[in-house]
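Remarks on the overall topology
Now for the letters of each chain:
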Amino acid sequence: LCRAAQMGYYVVPSTGRSLYALPPELDRFPHEYRLINSGAAVMEQTSGRYIYSAEISHDSLANFFQMIDGYDVACNLACKDGPYMVRPQRDRFLEDLCTTHRRDAFWLDFYLNKVKTFDDFQSWLSDSNPTVFKINLYFRDEKSRSEIPSMMKAFPDLFVCHSPGGDLEITDVHATK
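Model, not experiment: these values are computed from the prediction.

**Observations concerning the packing of aromatic side chains**
Applying the stated criterion across every chain, the model contains 16 aromatic pairs. Between the aromatic rings of Tyr84 and Phe118, the centroid separation amounts to 6.4 Å while the plane-to-plane angle is 45°, which identifies the pairing as tilted. Linking Tyr84 in strand S5 (residues 82-86) with Phe118 in strand S6 (residues 116-118), this pair joins segments that are 34 residues apart in sequence. Just as Tyr84 is buried, Phe118 falls in that class too. Judged by its relative accessible area of 6%, Phe118 is buried.

**Topic: helix H3 (residues 87-99)**
Its 13 residues place the ends of H3 19 Å apart at the C-alpha level, agreeing with the 18 Å of an ideal helix rising 1.5 Å per residue. Within H3, burial applies to Gln89, Arg90, Phe93, Leu94, Asp96 and Leu97. Looking straight down H3, one finds its buried side chains confined to an arc of 160°; they lie on one side. For H3, the exposed residues set more than 90 degrees away from the buried face come down to Glu95 and Thr99. Each element contacted by the buried residues of H3 is listed here: strand S4 (73-79), S5, helix H4 (105-114), S6 and strand S7 (132-139).

**Things to note about the pairing of strand S3 (residues 50-53)**
Across three bridges, the pairing between strand S2 (residues 41-44) and S3 is antiparallel. Each residue of the ladder has a partner; that of Val42, found in S3, is Tyr52. Hairpin remark: S2 followed by S3, antiparallel, with five residues in the connecting loop; positive phi at Gly48, about 75°.

**Examining the sheet that holds S2**
In space, the three strands of this open sheet follow the order S1-S2-S3, with antiparallel pairing throughout. The outermost strands of the open sheet, each flanked by one partner alone, are strand S1 (33-36) and S3. Here the average twist between neighbouring strands, direction ignored, is 10°. Direction of pairing for S1 relative to S2: antiparallel, over a ladder of four bridges. Looking across to S2, one finds that Tyr33 is bridged to Glu44.

**A few points about helix H2 (residues 58-68)**
Every buried residue of H2 is listed here: Ser60, Leu61, Ala62, Phe64, Phe65, Met67 and Ile68. Directly beyond the C-terminal end of H2, a positive phi value near 95° is found at Gly70.

**Describing the nonpolar core**
One finds Phe64, Ile68, Leu77, Leu137, Ile148 and Met152 to be the most contacted residues of the largest nonpolar core, which totals 28 residues. Every element with two or more residues in this core is listed here: H2, S4, S5, helix H5 (121-128), S7 and strand S9 (168-172). For this core, the element with the highest residue contribution is H2, accounting for six residues. The contacts of Phe64, once residues within four sequence positions are left out, are Cys75, Ile135, Leu137, Met152, Phe155 and Ile170.

**Thoughts on the side chain of Asp167**
Positionally, Asp167 belongs in the loop between strand S8 (158-162) and S9. In this structure the side chain of Asp167 is engaged in a polar contact, spanning 3.1 Å, whose partner is the backbone nitrogen of Phe139.

**Description of the packing of H2 against H5**
Helices that pack against each other are described as a pair by the angle of their axes relative to one another and the distance between those axes. H5 packs onto H2 with a crossing angle of 170° between their chain directions and a minimal axis gap of 11 Å. On the basis of their axis angle, the class for H2 and H5 is roughly antiparallel. Along its contact with H2, which presents His58, Leu61, Ala62 and Phe65, the element H5 presents Phe121, Gln122 and Leu125. Grouping the constituent residues of the contact of H2 with H5 by class yields five nonpolar, two polar and no charged.

The rules behind each value
- Residues numbered from 1 in each chain as written.
- Predicted model: local features only at pLDDT ≥ 70, side-chain atom pairs only at ≥ 80, totals over all residues.
- Heavy atoms only, no water.
- Phe/Tyr/Trp six-rings, centres within 6.5 Å; stacked < 30°, edge-to-face > 60°.
- Helix = DSSP H or I, 4+ residues; strand = E, 2+ residues; numbered from the N terminus.
- Buried < 20%, exposed > 50% of the residue type's maximum accessible area, 1.4 Å probe, protein only.
- Expected span 1.5 Å × (residues − 1).
- Arc of directions from axis to C-beta.
- Contact = heavy atoms within 4.5 Å.
- Pairing = 2+ DSSP bridges.
- Axes fitted to C-alpha atoms, helices over the stretch in contact; angles between N-to-C directions.
- Core = buried A, V, L, I, M, F, W, Y, C linked by side-chain atoms within 4.5 Å.
- Polar contact = N/O pair within 3.5 Å; in protein donor to acceptor, adjacent residues only side chain to side chain.
- Parallel < 35°, antiparallel > 145°, perpendicular 65-115°, else oblique.
- Nonpolar A, V, L, I, M, F, W, Y, C, P; charged D, E, K, R; others polar.

Shown next, in the form of structure tokens:
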């Protein structure tokens, strides 16, 4: 990758992760842009300026949170100013992370130290006016896993794909993934 950059090629890391969850190894080679949040944003590396973004609308966020109310899930919201989770969901997610095969120092540190929490979605949405690029939806039971994906058809402005663990990654339909 370093050689490609030296030869004048654009090297654009595309991990699908949010800016705050990128592996530190990315900083070891030169690159001008980062494709982040499953294609929902392209960021200029040196300035930190977003040259492309496809944000999830606040209406879609509100309707989505209303739809999943009552399901046993955890949502990680990849926002411009960092990752967010509802506090009780984050705490249960950390318990799951610590007791499963997914134990990993990087992710434990991420969820313990980088993810910001809030207690009430509607208050957070109206008070902070967030720019949300991506929702990661983690299922805790089969009922949620089987019902929610088909319910996502009610959101034509959102793009839904399955992550490797069978959970969902949700972006604006204009994300470039």
